[in-house]
Amino acid sequence: MAAVPAAVSQPRSSSKTESYVDNKRKEDIRQANIVAARTVANAVRTSLGPKGMDKMISTANGEVIITNDGATILNKMEVLQPAAKMLVELSKSQDSAAGDGTTTVVVIAGALLKQCLTLLSNGIHPTVISDSLHKAAIKAVDVLTAMAVPVELSDRDSLIKSASTSLNSKVVSQYSTLLAPLAVDSVLTVVDPSTPELVDLRDIKIVKKLGGTVDDTELVKGLVFDKKVSHAAGGPTRMENAKIAVIQFQISPPKTDIEQSIVVSDYTQMDRILKEERNYILGMIKKIKATGCNVLLIQKSILRDAVTELSLHYLAKAKILVVKDVERDEIEFITKTLNCLPIANIEHFRSEKLGYADLVEELSLGDGKIVKITGIKDMGRTTTVLVRGSNQLVLDEAERSLHDALCVIRCLVSKRFLIAGGGAPEIELSRQLGAWAKVLYGMEGYCVRSFAEALEVIPYTLAENAGLNPIAIVTELRNRHAQGEINAGINVRKGQITNILEENVVQPLLVSTSAITLATECVRMILKIDDIVTPLVVYSVASGLPKDVLSWPLIEGKERGEVIGGPCGIECDLVEENIAHVNVASGTEHQGDEERALTHFLKVQEELLYDLKHFGKLDLYEIKKIGGDIGVKPTSETNERTTPFKKRKFEGSASLCTRPNKIVRRHPDVVRDFPWDSRERDLESKVEFDDLSEEPTEVSSSPSCNNGVRRRIPGLFQKHFFWF
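It should be emphasised that the depicted structure is a prediction, and the values quoted were computed from it without experimental measurement.

## What to know about the sheet that holds strand β14 (residues 417-420)
Strands sit in the order β3-β14-β17 across an open sheet of 3 strands; the sheet is antiparallel. Looking along the sheet, the strands with just one partner apiece sit at the ends: β3 (149-150) and β17 (506-508). As defined by bridge partners, β3 adjoins β14 across 2 bridges and the pair is classed as antiparallel. Across the sheet, V149 pairs through a bridge with L418, a residue of β14. Those strands touched by helix α6 (residues 156-167) are β14 and β17, and its axis lies near 95 degrees from that of β17.

Here it is in structure tokens:
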């Protein structure tokens, strides 16, 4: 059956000019994508800048998060629209590339989409807009690079200023004087001179400990474990001149490889088992003690207990300090810090695999305890930050803020240029790109000018969030930059325009260039989408398929993804044990209309329920006549009790009815659970049998489900015919 072609508007032409007119559906899809993406951008816009608002996020599991970090806000939002999801991914990309500016990049993308909507309504083709945005982004990166100020890693003050700018917009901004130097010292500690442009933030471990305030946060040159020493048997809690071993095996009696039961018949055998366990553990501890080891870090085990009370007793007697349940993903960081090797077997326990430290001690901190290792000899290029906070919300936000500050310093290590903040680079970009647009010809000039206007959203939002008059502030800012003050920006603390560099409000060049580039790339991708194609809908048994759809005989032996047929001829794609893709029919006129498609789907369900309801009213003659074979296997008690009576009716009761012609049964092991009716009925006038050589026709008048009757099901997304 030929599909109805979609109505496509013809391009209008004149003798002088030609304007591109897209068809209506493409305009609607593109506009819907832009509106959805702008909604996401507007949701985080109020959290931009030092005076931005915070968001309280309540997750489905009851967790509450208070933050103004754009990446965290968007990551916790349950965004369903595909184009809106692209802005969530955009924020994640900015977070991984620069670590800061996650809110800025989304706000810029939203402003660009707003300008693109205006350009599209004026008849400019999306491809022309996309290419012009690409050229404008390249030009913007060149302008920002020309404005940047070089910085050296030895200039610690400049690095601290940049980290402070990042922290000033956070919930913990009042602690920026403490956290900024801490972030700078952490990054400079892990920088490898052989690769000075690479910083791996995994070498900086952040340990959170509830209690105290953020002022108690400290940088530890060593290791910190948020757990206490295992001294249940009275072992040591402090060890000087420590020889530390990181082991990945268990100091406990071995278990069988498979589940087995050992039967002990008398006390003699029990004593022998206990004696062997003691000797086994004692032998392991003697080997450990022989190497001079006095501190054990034991990896958490999932097979059996890493240590037992008996092994802790012997370790305490040997004066060995034990820290158990060390996470597997921490082993690499620990061994790199201690400059030692992990030991996987007791037979490989050697003194050359140990690490050395001046002091290992257990300290009380707040309501709990921690283990601190300091004075490590030949320590690797790692460091640990112990973050404190009065409650879990402050603790989590302090960790996120510290991570952003670390990322800012990492940006300066990889690209050592600083640029002014406070909206100064965006206004300067807007001014220079606006001047450049005047020398361009055709549609490109309009697109570049719109790009320049979109960048003004950053200073406008900064002023708006600070409670200032945004129009007056942006107008004065334009005037200052037109007079040559390229570093003039919004000082939200004073509420006026000042030289931002003199106010020490600076940020890495990489943050600004990455935000412009990524936002432009995302907007170009959204512009080029002119349709949304939805795949086949997945239905489970709970969402409307017949209950016996998974027991259809044709499913057996089929591969995943193979097209199969059901007892009524419905085609399905077998996906998993309890899910099938049902190819439901639809016309072109219903494509994209979710409300109408849902109505058709519900109608199909009603017809199915109608068929099932009236099927039970048919007698066995009618069921056999239409080729039905409904029944259950004779496994239940009821069937076993009634089967002999039914067989007598089937085979020998000529007085009740005449036995029908023998029909090949599809399920020979199924006993029919329907009584014979003494009345003979002729259904030839009611049932329309199908000639498979012909094309499908309209719906049969029979309400029952049969393999020979043709029926067309209205439904969703694809145009197929199915045989009932």
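## Section: the packing of helix α4 (residues 102-121) against helix α16 (residues 509-527)
Close contact between α4 and α16 brings their axes to 9 Å; oriented N to C, the two are set at 40 degrees. Taken together, α4 and α16 sit at an angle that is classed as oblique. Handedness of the crossing formed by α4 with α16: right-handed. Along its contact with α4, which presents V105, I108, A109, L112, L113, C116 and L120, the element α16 presents A515, I516, L518, A519, T520, V523, I526 and L527. Taken together, the residues of the contact of α4 with α16 break down into 14 nonpolar, 1 polar and no charged.

## Examining the packing of aromatic side chains
Taken as a whole, this structure holds 0 aromatic pairs when the rule is applied. Between the NZ or CZ atom of K139 and the centre of the ring of W436, over which it lies, the distance is 5.7 Å.

## Observations regarding the pattern of salt bridges
Any two side chains of opposite charge can pair, given that their charged atoms come close. All told, the structure shown has 24 salt bridges when counted by the stated rule. Taking the shortest distance from any N to any O, the salt bridge between R45 and E464 comes out at 3.5 Å. With R45 in helix α1 (residues 24-45) and E464 in helix α14 (residues 457-465), the pair connects residues that are 419 residues apart, well separated along the chain. Since its relative accessible area comes to 40%, E464 is described here as partly exposed.

## Remarks on unusual backbone geometry
With a phi angle near 50 degrees, N241 is a residue other than glycine that sits in the positive phi range. With respect to the secondary-structure elements, N241 resides in strand β7 (residues 238-247). Even without being a glycine, N339 presents a positive backbone phi close to 60 degrees. Examined against the element boundaries, N339 turns out to sit in the loop between α10 (331-338) and β10 (342-343).

## Concerning the side chain of S164
You can see S164 is positioned in helix α6. Residue contacts for S164: discarding those within four places in its chain leaves S176 and A180.

## Re the environment of I343
As for its position among the elements, I343 is in strand β10. Separated by 97 residues in the primary sequence, I343 and V246 place their C-alpha atoms 6.2 Å from one another. Leaving out residues up to four positions away in the same chain, I343 has contacts with A245, V246, I247, Q248, F249, H348, F349 and K353.

## Details of a nonpolar patch on the surface
Where nonpolar side chains cluster on the molecular surface, the patch consists of I262, V264, M270, I273 and L274 and spans about 410 Å² of accessible area. Topologically, V264 is positioned in the loop between β7 and α8 (267-290). Judged by its relative accessible area of 31%, V264 falls in the partly exposed class.

## Regarding the sheet that holds strand β5 (residues 218-220)
With mixed pairing, 3 strands are arranged side by side in an open sheet as β4-β13-β5. The strands lining the two open edges of the sheet, one partner per strand, are β4 (204-210) and β5. Across the sheet, the mean angle from the axis of one strand to that of its neighbour is 25 degrees, orientation sign disregarded. The pairing of β5 with strand β13 (residues 383-389) spans 3 bridges and is classified as antiparallel. When the sheet's bridge partners are listed, L219 is paired in β13 with V385. Those strands touched by helix α11 (residues 392-414) are β4 and β13, and its axis lies near 165 degrees from that of β4.

## Points about the state of the cysteines
For the structure on display, the rule yields 0 disulfides. Of the cysteine sulfurs around C407, a residue in no disulfide, the closest is that of C411, at 6.8 Å. The class of C407 is buried, set by a relative accessible area of 1%.

## Looking at the pairing of strand β11 (residues 355-365)
Bridge analysis of β7 against β11 gives 6 bridges, and the strand direction is antiparallel. Considered in β11, the bridge of I244 is made with G355. The pairing of β11 with strand β12 (residues 368-376) spans 8 bridges and is classified as antiparallel. Bridge pairing links E362 to V371 in β12. Between β11 and β12, which pair antiparallel in sequence order, lie 2 residues; one of them, G366, sits at a positive phi of approximately 65 degrees.

The rules behind each value
- Residues numbered from 1 in each chain as written.
- Predicted model: local features only at pLDDT ≥ 70, side-chain atom pairs only at ≥ 80, totals over all residues.
- Heavy atoms only, no water.
- Pairing = 2+ DSSP bridges.
- Helix = DSSP H or I, 4+ residues; strand = E, 2+ residues; numbered from the N terminus.
- Contact = heavy atoms within 4.5 Å.
- Axes fitted to C-alpha atoms, helices over the stretch in contact; angles between N-to-C directions.
- Parallel < 35°, antiparallel > 145°, perpendicular 65-115°, else oblique.
- Left-handed = near helix turned anticlockwise from the far one by under 90°.
- Nonpolar A, V, L, I, M, F, W, Y, C, P; charged D, E, K, R; others polar.
- Phe/Tyr/Trp six-rings, centres within 6.5 Å; stacked < 30°, edge-to-face > 60°.
- Lys NZ or Arg CZ within 6 Å of the ring centre and 35° of its normal.
- Salt bridge = Lys/Arg side-chain N within 4 Å of Asp/Glu carboxyl O.
- Buried < 20%, exposed > 50% of the residue type's maximum accessible area, 1.4 Å probe, protein only.
- Patch = residues over 30% accessible without salt bridge, like charges linked within 9 Å, V, L, I, M, F, W, Y side chains within 5 Å.
- Areas by Shrake-Rupley, 256 points an atom, 1.4 Å probe, with all protein chains shown as cover.
- Disulfide = S-S within 2.5 Å.

Note that all results are geometric; they support no functional claim without further evidence.
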